[in-house]
Amino acid sequence: MKETAAEVTALQQLLDAAYERSTEHLRNIITDPRRLTADELVRVLTGMCTVNLATVTARSEPRISAVDGHFLHARWVFTTAGSAAKARHLKARPAASISYVDGERVGVFSHGEVEFLTPAHVDFAEIEAHLTKHYGSSPSSWGDDIVYGRLQPTWMVGYAFDKKAVLEDGKD
């Protein structure tokens, strides 16, 4: 867990606001016993999570692909090739959705805008160090055009079908 107390507080505010703006249908599925709090999300979303990243083409056609997602400082971080379709889509249209689903155990759904982080960005060194530790090499070394993306969420909800079991696992 790399989140500060302020980041966890802001995440909880985001989760609460998103839940309140959600449809009755969603609120009937993600009931209070299953809703994950910010504290619980940061406990569960450690390490690498295979996430689904949804983008939109220039013709407004949806596209989805999987990326290695890392939940750092209450935001999803990922890398990809700059030549990948998802990177081109996001550079032109940064709105995106990311979901992480592990069967009925855990689901986290988020919408927002992706920002690209360059080595000059204040957070880049910490993110690259985290990824390098996880993978054993820097993603920057994997190709000439690797890009680092981070979703700035404007909406997010999380649930666990059996929250107690998920939290006892410590990691889903």
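Since the structure is predicted, the reported quantities are computational estimates derived from the model, not experimental observations.

Cut-offs applied
Residues numbered from 1 in each chain as written. Predicted model: local features only at pLDDT ≥ 70, side-chain atom pairs only at ≥ 80, totals over all residues. Heavy atoms only, no water. Salt bridge = Lys/Arg side-chain N within 4 Å of Asp/Glu carboxyl O. Helix = DSSP H or I, 4+ residues; strand = E, 2+ residues; numbered from the N terminus. Buried < 20%, exposed > 50% of the residue type's maximum accessible area, 1.4 Å probe, protein only. pLDDT = per-residue confidence, 0-100. Contact = heavy atoms within 4.5 Å. Polar contact = N/O pair within 3.5 Å; in protein donor to acceptor, adjacent residues only side chain to side chain.

Thoughts on the pattern of salt bridges
A side chain with one charge can pair with a side chain of the opposite charge if their charged atoms come near. This structure, assessed with the given rule, holds 10 salt bridges. As a salt-bridge pair, D169 and R105 come within 3.1 Å of each other at their nearest N and O atoms. Linking D169 in helix α6 (residues 163-169) with R105 in the loop between β4 (95-102) and β5 (106-117), this pair joins segments that are 64 residues apart in sequence. When its relative accessible area of 46% is taken as the criterion, D169 is described as partly exposed. What makes R105 partly exposed here is its relative accessible area of 28%. Here D123 ties to R150 by a salt bridge, and the two come within 2.9 Å at their closest N and O atoms. Of this pair, D123 sits in the loop between β5 and α5 (124-135) while R150 sits in strand β6 (residues 146-160), placing them 27 residues apart in sequence. When its relative accessible area of 23% is taken as the criterion, D123 is described as partly exposed. On the accessibility criterion, R150 (4% relative accessible area) is buried. Members of the salt-bridge network, linked through shared partners, are D16, D32 and R35.

So, the confidence of the model for the chain
Looking at the chain as a whole, its pLDDT mean stands at 95, while 98% of the residues score no less than 70. The secondary-structure element of the chain with the lowest mean pLDDT is α6, recorded at 90, while β5 shows the highest, at 98.

So, the environment of E7
Mapped onto the fold, E7 is located in helix α1 (residues 5-21). Sequence spacing of E7 and A38 is 31 residues, and the spatial spacing of their C-alpha atoms is 9.1 Å. If near-sequence neighbours (up to four positions away) are discounted, E7 is found in contact with K2, H73 and A74. At 2.8 Å, the side chain of E7 and the backbone nitrogen of T4 are in polar contact.

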